[in-house]
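Residues per chain, in single letters:
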Amino acid sequence: MAYEITDNPLRGVEAKQGTSGHYGIFDQGAQVWSWQPAGAEPVIWMSEKSWFAEGQPLRGGVPICFPWFGPGRHGDLYPMHGFARLQNWHMSDVKDTLDRDGRFIVEYTLNESMTGDQAQWPHPYRAVFQAKFTPEYLGLELRVENVGSEEITFDEALHTYLHVGDVAQVTIRGLDQETYVDKVAGTEGEVQSGDLTITGETDRVYASTAEVVVHDPVLGRDLVISKSGSANTVVWNPWIDKAAAMSDFGDDEWHQMLCIEAANVLDAPVVLRPGEIHCLKQRITLA
């Protein structure tokens, strides 16, 4: 087994494990787009309608939202989810032990000299993203360092799209009694009661550091999602109408996707003094 640098449809790196395992990440946004352990269904979801074009957002995978989330806390920032996901990151390191243990680690870097003038967030920084692909889990780590002389504040999220058998039959465990903002209903301070099920358009930001388990009876598996350095867990599914309204999202694709995101957003941004580093980690384990 070996990895290869690919450029179709976008430049990145791919690796295969056994006859059916597949790992993939694009340089644009340092965006993971495939983690499929050998013998398993894909765990990461990608839309068949995604544009796969330079400078355009990719629908699916694991977009890195930085330095703001959505349109920002005041709703006036563009592009959506920040500039980092549209930039080509520098592939700084690749560790290939596929033949020995099926593991593959890719590291990317990004800084202000690469992203150029960003009037909406004009700060010196250094970001390092590492994706660790293994047969058992996918490990994601985003480190952001303040290399300037003034304090910086930012939002961040690992906007993880998961492949599920049928989102209407999925059960999400681990958020019981956690408070959340419901962006669909426009309410705050809601409290989760019991397990979460998806019965319509869902866009919630939970104030939670807890591990989450996505129980998928259709695919006969659990996805265990643990994290650190994250104050929020975002749960999102567009359901019928919003999916139909998005040109890069198939009308019926909402059935088989669910976003569970490690994040620091809304009233929990990251604040770094000069020289400080913040590390956001997420691990998805196939159980």
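Keep in mind that what you see is a predicted model, and the values were worked out from it rather than measured.

**Q** Could you clarify how one ought to interpret the pairing of strand β20 (residues 232-237) in this entry?
**A** Moving residue by residue along a regular strand, the side chains alternate between the two faces of the sheet. Among the six residues in β20, six count as buried, and that is most of the element. Taken together, the six bridges between strand β17 (residues 202-207) and β20 define a ladder with antiparallel strand orientation. From the neighbouring strand, Thr202 faces β20, where its bridge partner is Asn237. Looking at chain direction, β20 and strand β21 (residues 257-264) are connected through five bridges and run antiparallel. Opposite Trp236, over in β21, you have Cys259 as the bridge partner.

**Q** Which parts of the structure should I look at to understand empty space enclosed by the protein?
**A** The gaps of empty space that remain are located by a probe, the size of a water molecule, rolled over the atoms. Applying the stated criterion across every chain, the model contains one cavity of 30 Å³ or more. In this structure, the largest cavity encloses a volume near 40 Å³. If you trace the largest cavity, you find it lined by Ala210, Val212, Ile225, Lys227, Thr233, Ile260, Glu261, Ala262 and Gln282. Contributions of two or more residues to the lining of the largest cavity are made by β19 (221-228) and β21. Residue contributions to the lining of the largest cavity peak at three residues, all from β21. A breakdown of the residues in the lining of the largest cavity according to their chemical character gives five nonpolar, two polar and two charged.

**Q** Could you clarify how one ought to interpret the sheet that holds strand β6 (residues 90-97) in this entry?
**A** One key point about sheets: their strands pair by backbone hydrogen bonds, in either a parallel or an antiparallel sense. Spatially, the nine strands line up as an open sheet ordered β6-β7-β8-β9-β23-β19-β18-β13-β16, and their pairing is antiparallel. Since the sheet does not close on itself, it has two edges, and those belong to β6 and β16 (196-197), each with one partner. The pairing of β6 with strand β7 (residues 103-111) spans seven bridges and is antiparallel. Pairing of Met91 across the sheet is with Tyr108, part of β7.

**Q** Sorry if this is basic, but what is going on with the nonpolar core here?
**A** Proteins that are soluble and globular tend to have nonpolar side chains buried together. In this structure, Trp89, Phe129, Phe133, Ile172, Val214 and Leu258 are the most contacted members of the largest nonpolar core, which totals 67 residues. The residues touching Leu258, leaving out its near neighbours within four places in the chain, are Thr160, Tyr161, Leu162, Val164, Val167, Val170, Ile172, Ile198, Val214, Val235 and Trp236.

**Q** Can you help me understand the layout of surface pockets in this one?
**A** For the largest pocket, the calculated volume is near 590 Å³. Around the largest pocket, the lining comprises 28 residues; the ones closest to its centre are Arg59, Met80, His81, Arg85 and His159. When the residues that make up the lining of the largest pocket are grouped by side-chain class, the tally is 15 nonpolar, five polar and eight charged.

So, how was this worked out
- Residues numbered from 1 in each chain as written.
- Predicted model: local features only at pLDDT ≥ 70, side-chain atom pairs only at ≥ 80, totals over all residues.
- Heavy atoms only, no water.
- Buried < 20%, exposed > 50% of the residue type's maximum accessible area, 1.4 Å probe, protein only.
- Helix = DSSP H or I, 4+ residues; strand = E, 2+ residues; numbered from the N terminus.
- Pairing = 2+ DSSP bridges.
- 1 Å grid on protein atoms, 1.4 Å probe; cavity = no way out; pocket = protein on both sides within 12 Å on 5 of 7 lines; lining within 4 Å.
- Points joined across faces, edges and corners; volume = space filled by probe spheres on them.
- Nonpolar A, V, L, I, M, F, W, Y, C, P; charged D, E, K, R; others polar.
- Core = buried A, V, L, I, M, F, W, Y, C linked by side-chain atoms within 4.5 Å.
- Contact = heavy atoms within 4.5 Å.

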